[in-house]
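Listed below, chain by chain, are the residues.
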2 protein chains.
Amino acid sequence: MLDHNQLAALAAILRRGSFEAAAAQLGVTQSAVSQRIRALEERVGQPLVLRGTPCTGTEAGRRLARHAEDVALLEAEATGEIGLAPAPGRHPLRIAANADSLAAWLIPALAEAQAAAPHLAFDVTVDDQDHSADWLRRGEVVAAVTATAAPPHGCDAIPLGRLRYHATASPGFMARHFPHGVTAEALARAPCMTFDRKDRLQSQWLAENFGEVPAPPSHFLPSTQAFIDGAEAGLGWGMNPEPLVREALAAGRLVPLLADAPLDTPLYWQVSRRMAPALAALTRAVRQRAARLLHAA
Amino acid sequence: MLDHNQLAALAAILRRGSFEAAAAQLGVTQSAVSQRIRALEERVGQPLVLRGTPCTGTEAGRRLARHAEDVALLEAEATGEIGLAPAPGRHPLRIAANADSLAAWLIPALAEAQAAAPHLAFDVTVDDQDHSADWLRRGEVVAAVTATAAPPHGCDAIPLGRLRYHATASPGFMARHFPHGVTAEALARAPCMTFDRKDRLQSQWLAENFGEVPAPPSHFLPSTQAFIDGAEAGLGWGMNPEPLVREALAAGRLVPLLADAPLDTPLYWQVSRRMAPALAALTRAVRQRAARLLHAA
């Protein structure tokens with residue numbers, strides 16, 4: 001049996017980045033935090049914290065810190081149900097999501113879930129929708145918004161609907177690069193935008209609508225906001241999520257490259273079964289919000 | 001002397017993630033790309049490409065790919081000046097920027113620079129303003145928007161002005177968490193938002209205005225858009241960049257936690273002196289745009 005005060009100290013250090021900040025969070029002295037870590041490292045017979053700015057964890061340290069947070073979260077849920085109020089905002093819930101979901105529809109779900117379960121604090125990791133499930137598989141998050149239907153071992157997958165993307169550009173960009181229409185030839189020369197190395201949306205849309213085309217020149221802009229601003233500023237065309245460009249399309253600041261040629265990405269909410277009790281409020285809010293903003297699966 | 005067709009093949013693979021996509025970009029067959037890489041790996045006596053999905057580079061491979069892109073960029077600049085038009089959008093310019101600059105003011109500068117130098121394609125890496133200069137120091141980018149004044153060896157630093165942040169929250173959040181005013185005691189319990197482990201803005205603002213306060217509970221939301229949406233949805237309070245919340249503040253969807261208590265982050269444009277000729281149009285656009293949207297240094 002590991003000592004839970006020691007585990008809490010470890011989790012606080014890795015979360016806050018320093019012994020000092022961990023001490024402030026836990027309301028104890030810094031030397032108490034140091035003693036707990038020393039005792040825990042002796043107990044498990046290996047280093048757990050890498051001193052630095054910020055402090056980070058060894059592999060074993062990160063694993064134990066996750067364990068500590070999971071246990072604390074389940075305990076907050078259990079004690080809440082028997083009428084004890086857990087400390088508000090003090091229980092981190094690690095989830096992974098694709099950047100577009102985070103920007104387009106996930107935040108209201110988080111806010112709703114927190115209203116129902118005020119002890120939660122969300123720790124969101126952003127990765128591509130085709131890779132966010134990896135975080136769950138590795139046990140680094142307890143739930144993920146992902147494009148992967150098949151859940152990893154010990155997890156459930158709930159279909160959320162389809163996030164719709166439109167290939168969009170500014171009217172000025174269209175006039176400059178597609179004066180004779182949006183043809184495969186013109187697309188091979190017009191700069192597009194790509195979110196990061198994992199983003200296949202632009203090439204997927206090109207393949208679906210034009211078959212084999214040479215890879216167009218591309219900017220790399222790893223920010224949902226920058227991606228939309230970049231389209232409006234005429235930097236390139238890109239696949240933008242419908243909820244975020246509806247207004248710009250209606251106002252004519254953006255135009256679709258092709259009429260009626262959206263690309264849909266199916267999204268799933270994958271949750272660790274073990275942690276599901278602690279996730280009930282969030283799962284409910286995520287499903288409701290997705291039903292409102294995504295297209296039916 | 002290294003073979004520049006081989007170097008171009010290497011750079012294309014690492015940028016596009018596969019031999020196939022590199023072949024499409026270069027307009028040659030896949031087997032030509034494979035032969036070039038084999039020849040280059042023999043020439044330098046070590047592996048350069050790690051086969052996978054996507055293909056990535058060994059340390060040596062990444063270094064040579066950067067070299068290839070730098071040379072191509074300088075060549076595009078030189079040939080442009082003697083009247084030859086380089087291929088539009090085909091010359092990647094790697095820059096690092098903090099997420100808030102990318103979302104708040106950098107995109108129009110990129111669009112302006114591209115209008116002046118259409119051969120450029122921007123490859124933006126996002127990191128905290130206190131860490132974006134590290135990318136330049138490591139030679140992985142040729143310019144960076146950073147809060148660090150002192151440039152690394154071989155680089156110049158141009159002061160851009162100060163990006164102003166306001167501690168903001170929704171009116172509902174204020175009523176719920178600060179019914180008796182924004183006191184140190186209430187701040188220790190009200191959830192804030194933190195962009196990522198490197199983000200010190202919230203704790204800096206707390207320290208400047210309240211001295212030593214216990215670390216408040218925090219959500220971690222690594223997305224500028226999500227950060228603002230999170231504030232509006234009442235998830236937590238956070239330091240938001242003035243250009244992005246001006247409208248929400250004016251409309252009352254967000255309110256400042258304290259009147260007249262902004263936090264300013266000085267920003268610098270650091271550029272590699274070696275690559276400065278290829279960066280002239282961008283540097284000009286960045287300075288002009290910053291002068292318009294940032295507060296005077």
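Residues numbered from 1 in each chain as written. Chains lettered and ligands numbered in written order. Predicted model: local features only at pLDDT ≥ 70, side-chain atom pairs only at ≥ 80, totals over all residues. Heavy atoms only, no water.

Attention now moves to empty space enclosed by the protein. Going through the model one piece at a time under the given rule, you end up with one cavity of 30 Å³ or more. When its volume is computed, the largest cavity comes out at roughly 80 Å³. Residue lining of the largest cavity: 13 residues in total, with Ser218 of chain A together with Arg15, Arg16, Gly89 and Pro92 of chain B positioned closest to the centre. Those elements that provide at least two residues to the lining of the largest cavity are strand E8 (218-220) of chain A together with helix H1 (4-16), strand E3 (91-97) and strand E4 (120-126) of chain B. At three residues, the largest contribution of residues to the lining of the largest cavity is made by E4 of chain B. Looking at the lining of the largest cavity residue by residue, the class counts come to five nonpolar, four polar and four charged. (1 Å grid on protein atoms, 1.4 Å probe; cavity = no way out; pocket = protein on both sides within 12 Å on 5 of 7 lines; lining within 4 Å. Points joined across faces, edges and corners; volume = space filled by probe spheres on them. Helix = DSSP H or I, 4+ residues; strand = E, 2+ residues; numbered from the N terminus. Nonpolar A, V, L, I, M, F, W, Y, C, P; charged D, E, K, R; others polar.)

This part is about the interface of chain B and chain A. On the chain A side, the residues contacting the 39 residues of chain B number 39 residues. The largest per-residue losses of area from chain B upon contact with chain A belong to Ile107, Arg197 and Phe220 of chain B, which jointly make up 15% of the total buried on that side. Counting across the chain B and chain A interface gives zero salt bridges. Mapped onto the side of chain B that touches chain A, the elements with two or more residues apiece are H1, helix H5 (99-116), E4, strand E8 (218-220) and helix H10 (224-232) of chain B. Residues that form the side of chain B that touches chain A fall into these classes: 25 nonpolar, seven polar and seven charged. (Contact = heavy atoms within 4.5 Å. Buried area = accessible area lost by both parts, 1.4 Å probe. Salt bridge = Lys/Arg side-chain N within 4 Å of Asp/Glu carboxyl O.)

What follows deals with the relation of the copies chain B and chain A. Once chain B has been moved 0.0 Å along the axis and rotated by 180 degrees, it coincides with chain A to within an RMSD of 0.0 Å. The relationship between the two copies is best expressed as a two-fold rotation axis. It is Gln225 of chain B whose C-alpha, among those of chain B, lies nearest the rotation axis, at 3.1 Å. The fraction of interface residues of chain B whose copies in chain A are also interface residues reaches 97%, indicating that both copies meet through the same surface. (Least-squares fit on C-alpha atoms with pLDDT ≥ 70 in both.)

Residues and elements named next belong to chain A. Within the fold, Ala11 resides in helix H1 (residues 4-16). Spatially, the C-alpha atom of Ala11 lies 21 Å from that of Pro277, the residues being 266 residues apart in sequence. Contact partners of Ala11, with chain neighbours within four places excluded, come to Ala65, Ala68 and Glu69.

Looking now at the layout of surface pockets. Its volume calculated, the second largest pocket comes out at about 1,100 Å³. Of all the elements in the fold, those that place two or more residues in the lining of the second largest pocket are helix H5 (99-116), helix H10 (224-232) and helix H11 (242-251) of chain A together with H5, H10 and helix H11 (242-251) of chain B. Of all the elements, H5 of chain B adds the most residues to the lining of the second largest pocket, at seven residues. By residue class, the composition of the lining of the second largest pocket is 21 nonpolar, two polar and 10 charged.

Attention shifts here to the packing of aromatic side chains. All names here are of chain A. Considering all chains together, one arrives at eight aromatic pairs over all chains under this definition. Geometrically, the ring pair formed by Phe173 and Phe178 is edge-to-face, given 6.2 Å between the ring centres and 65 degrees between the ring planes. A single burial state applies to Phe173 and to Phe178, both of which are buried. Members of the aromatic cluster, joined through ring pairs, are Trp205, Phe210 and Trp237. Looking at Arg138, its charged tip hangs above the ring of Trp135, at a distance of 4.9 Å from the centre. (Phe/Tyr/Trp six-rings, centres within 6.5 Å; stacked < 30°, edge-to-face > 60°. Buried < 20%, exposed > 50% of the residue type's maximum accessible area, 1.4 Å probe, protein only. Lys NZ or Arg CZ within 6 Å of the ring centre and 35° of its normal.)

Let us look at the pairing of strand E5 (residues 143-146) of chain B. All names here are of chain B. Alternating positions in E5 separate into two faces, Ala143 and Val145 on one and Ala144 and Thr146 on the other, with burial throughout. Relative to E5, E3 is paired through two bridges, and the arrangement is parallel. By the bridge assignment, Ile95 is partnered in E5 with Ala143. Bridging between E5 and strand E11 (residues 263-272) involves four bridges; their strand directions are antiparallel. (Pairing = 2+ DSSP bridges.)

Under the definition given, this model contains zero disulfides over all chains. Here Cys55 of chain A is not disulfide-linked; the sulfur of Cys192 of chain B is the nearest cysteine sulfur, at 19 Å. (Disulfide = S-S within 2.5 Å.)

This brings us to the UniProt feature "domain: HTH lysR-type" (unreviewed entry) in chain A. According to UniProt, the feature "domain: HTH lysR-type" (unreviewed entry) maps to residues 2-58 of chain A in the numbering used here. The distance separating the terminal C-alpha atoms of residues 2-58 of chain A is 18 Å; by composition the span is 63% helix and 7% strand. (UniProt positions renumbered as here; feature names shortened; annotations may be inferred.)

Another point: unusual backbone geometry. The residue after Thr53 of chain A, namely Pro54 of chain A, is reached through a cis peptide bond having omega 0 degrees. Mapped onto the fold, Pro54 of chain A is located in the loop between strand E1 (49-50) and strand E2 (56-57). Its identity is not glycine, yet Asp260 of chain B carries a phi of approximately 55 degrees, on the positive side. Residue Asp260 of chain B is classed as exposed on the basis of its relative accessible area, which comes to 80%.

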